[in-house]
Amino acid sequence: MTALSRRLAGIAVVALLAIALSACKGAGEEFPEVVLLGDGDIFPSINNSSLSVGDNRLSISIIDADDAAVLGADVRLRFYDLSGAKPAETTQVQARFVHAELGFVDEQSGGAREVTGEGGVYVANVAFPHGGAWGVKVRVATGGRTLKEAPFRFNVLEDSSEPSIGDLAPASRQQILANVADIEEIDSSSPPRSAMHDRTIADAIARGKPTVIAFATPAYCRSRTCAPVMDTVMDPLAAEFVGRATFIHVEPYILRDLRNGFVQNPVPAVLEWRIQSEPWIFVVGADGRIAAKFEGVASLDEVRDALAGALATR
């Protein structure tokens, strides 16, 4: 089953739940809880584990009526506050497409990098002043035509599960090279990234330099985006900013358990950072506070800009 198929399967469950709920709410809502295939030209879905009050990097995937991923389109988002008697438009944002070559490290083939397809997400920086029900209308222009606008609703939490921008970064003491007999115990990369496993997060923060932390599992990532993020974001940045910032890779799950039965037992650092998906990239400033965070597919330039900003404020 492909990553896209897995995602559609999960969305289908949500769609069924939404259909059951609609029996109580009525089918004429301007902002349904999900957009069902057949209701329009496009099927957008939010990729974020959660959205919260304050600044968010919203990530949206879009599928067309033929179940094919819509890539490289012109996407504009209109947001609505649904807390009042009527939807109130608050802002319009042009989304940016971030391309990803989907793939993973195949440990059964000696660590070969397997490419499984092309993907991508549409990202936009959005601030929500309060929690509760919100709506978005997604307008897509592609192939010389504008597709039927897709509205749907979503929920904004008062606080995110993972650390928020400005929070102190958890001073995790994850396993590093000094604690294991073989780096393969803590890294599914091929070849392993030993330079990103030589110090703990706590030690890196204590140095007083910006730190970039990637929670990613190149061999076992369900979305097939961990290996690409490590290859196209973390590696180039580590080479560009060598000596100026610290780069750390954390496998989110105990690799022994994954290899012995694909059981996803999170490592302590995942619980301390309260993340619910992978990959994640966090940029931590010299003051030990979260300067930026990126869930899922991320581009080199947006993480570079965040790191450059953290370096400029030292």
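Residues numbered from 1 in each chain as written. Predicted model: local features only at pLDDT ≥ 70, side-chain atom pairs only at ≥ 80, totals over all residues. Heavy atoms only, no water.

Digging into the packing of helix α3 (residues 226-240) against helix α6 (residues 300-312)
In step 1: Following both chains from N to C, one finds α3 and α6 inclined at 40°, their axes separated by 9 Å at the closest point. Classified by the interaxial angle, the pair formed by α3 and α6 is oblique. Remark: the crossing between α3 and α6 carries right-handed chirality. Contact residues: Thr232, Val233, Pro236, Leu237 and Glu240 in α3; Leu300, Val303 and Arg304 in α6. (Axes fitted to C-alpha atoms, helices over the stretch in contact; angles between N-to-C directions. Helix = DSSP H or I, 4+ residues; strand = E, 2+ residues; numbered from the N terminus. Parallel < 35°, antiparallel > 145°, perpendicular 65-115°, else oblique. Left-handed = near helix turned anticlockwise from the far one by under 90°. Contact = heavy atoms within 4.5 Å.)

Re α6
In step 1: In this model, α6 (13 residues) spans 18 Å end to end at C-alpha, consistent with the 18 Å of a helix rising 1.5 Å per residue.
In step 2: What α6 keeps buried is the set Glu302, Val303, Ala306, Leu307, Ala310 and Leu311. (Expected span 1.5 Å × (residues − 1). Buried < 20%, exposed > 50% of the residue type's maximum accessible area, 1.4 Å probe, protein only.)

Description of the sheet that holds strand β10 (residues 211-215)
In step 1: Pairing is mixed in the open sheet, where four strands are placed in the order β11-β10-β12-β13. Looking at strand neighbours, the two that pair on one side only are β11 (246-250) and β13 (290-295), the edges of this open sheet. The sheet shows a mean angle of 15° between the axes of neighbouring strands, taken without regard to direction.
In step 2: Inspection of the sheet shows strand β12 (residues 280-284) paired to β13 by five bridges, in the antiparallel sense. Within the sheet, the bridge partner assigned to Trp280 lies in β13 and is Glu295.
In step 3: Along the sheet, α3 makes contact with β10, β11 and β12, crossing β11 at roughly 155°. (Pairing = 2+ DSSP bridges.)

A word on the packing of aromatic side chains
In step 1: Across all of its chains, the model carries 11 aromatic pairs by this definition.
In step 2: Here the aromatic rings of Phe215 and Trp273 are separated by 5.5 Å at their centres, their planes lie at 55°, and the arrangement is tilted. Placement of Phe215 in strand β10 and of Trp273 in helix α5 (residues 268-273) is noted, with a sequence separation of 58 residues between them. For the residue pair Phe215 and Trp273, the accessibility class agrees, reading buried in each case. (Phe/Tyr/Trp six-rings, centres within 6.5 Å; stacked < 30°, edge-to-face > 60°.)

By themselves, these observations are geometric and do not establish any function.
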